[in-house]
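Fold and geometry: a report
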Amino acid sequence: MKHLLSLIFCVYFNDCLMGPQQAKWGKWQNWGDQKDGTYLNPIIPSDYSDIDCIRISEDYYAIFFTFQFSPGMTLLHSKDLVNWTKHSSVLDSSAVKWARKAMWAPSIIRKDGKYYFFFGANDVHEGEIGGIGVAVSDRPDGPYKDLLGKPLINEIVNGAQP
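Owing to the predicted nature of the structure, the values given are computational and were not obtained by experimental measurement.

Let's talk about the pairing of strand E3 (residues 49–56)
The pairing of E3 with strand E4 (residues 59–65) spans six bridges and is antiparallel. Considered in E4, the bridge of aspartate 52 is made with isoleucine 63. The hairpin formed by E3 and E4 contains two residues between the paired strands, and serine 57 there has a positive phi angle of roughly 55°.

Let's talk about the layout of surface pockets
Roughly 180 Å³ of internal volume is contained in the largest pocket. Along the wall of the largest pocket there are 15 residues; nearest its centre are Trp31, Ile43, Ile44, Val82 and Trp84. Looking at the lining of the largest pocket, the elements that each hand over two or more residues are strand E1 (32–33) and strand E6 (85–91). Classifying every residue of the lining of the largest pocket gives eight nonpolar, four polar and three charged.

Brief notes about the sheet that holds E3
One open sheet accounts for four strands, arranged E3-E4-E5-E6; its pairing is antiparallel. Of all strands in the sheet, those bounded by a partner on one side alone are E3 and E6. Pairs of neighbouring strands in the sheet enclose a mean axial angle of 25°, with direction left out of account. With five bridges joining them, E4 and strand E5 (residues 73–78) adopt antiparallel strand pairing. The residue of E5 that forms the bridge with tyrosine 60 is serine 78.

Observations regarding the side chain of aspartate 141
Of note, aspartate 141 is situated in the loop between strand E9 (131–137) and strand E10 (145–146). Residue aspartate 141 is classed as buried on the basis of its relative accessible area, which comes to 17%. Residue contacts for aspartate 141: discarding those within four places in its chain leaves Tyr61, Leu75, His87 and Val90.

What counts, and at which threshold
- Each chain has its residues counted from 1, following the order in which its sequence is written.
- Two thresholds apply to this predicted model, a pLDDT of at least 70 for residue-level local features and 80 or more for giving and counting side-chain atom pairs, whereas whole-chain, interface and lining totals are computed over all residues.
- Side-chain numbers come from the whole structure's heavy atoms, not from hydrogens or water.
- Pairing between strands is defined by DSSP: at least two bridges between them are needed.
- Working definition: helices are DSSP H or I runs of at least four residues, strands are E runs of at least two. Numbering for both runs from the N terminus.
- A 1.4 Å probe that fits but cannot get out identifies a cavity on a 1 Å grid over protein atoms alone, an open set with protein on both sides within 12 Å along at least five of seven lines counts as a pocket, and a residue lines either if it has an atom within 4 Å of a point.
- Grid points are joined across faces, edges and corners, and a volume is the space filled by probe spheres set on the points.
- Classes in brief: Ala, Val, Leu, Ile, Met, Phe, Trp, Tyr, Cys and Pro nonpolar; Asp, Glu, Lys and Arg charged; the others, Gly included, polar.
- Between N-to-C directions, angles span 0 to 180 degrees; the directions come from axes that are lines fitted to C-alpha atoms, helices contributing only their stretch in contact.
- Relative accessibility under 20% of the residue-type maximum defines a buried residue, over 50% an exposed one, and the middle range a partly exposed one, all with a 1.4 Å probe and only protein chains included.
- By the convention used here, residues are in contact when the closest approach between their heavy atoms is within 4.5 Å.

Structure, rendered in structure tokens:
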């Protein structure tokens, strides 16, 4: 009983302190940076699926696929993880000729002064082209170009799609 009362107190106390800072989902009148050293969640009011982030020096880049900005992948850039600048279509899906159905699950890495963008494409079945692709750019915010003109990995291994 003592633990139950402690739990109830903590939940109530936390709600009293944090409740006013949270907006109801989808009802954002004021979100993100409040220009007074505080911010409100959500920082970015959207549904960004398969998001991946990379830090390069003092900059943060978040890459994701969303049907809102098709064709292509969109990238967000921030210096403080609160204020974000959107870069649309950093990889144009129409320029990846072998990716006919869909692209998802992007990730960016930096190696030897280049930026490599890995992504899933197509829903691969036996005898079809698709899998894991790679594109390259000289800048983290693109534009990225298909590096190989074909998937980096296309083979189904032990029944698992790449």
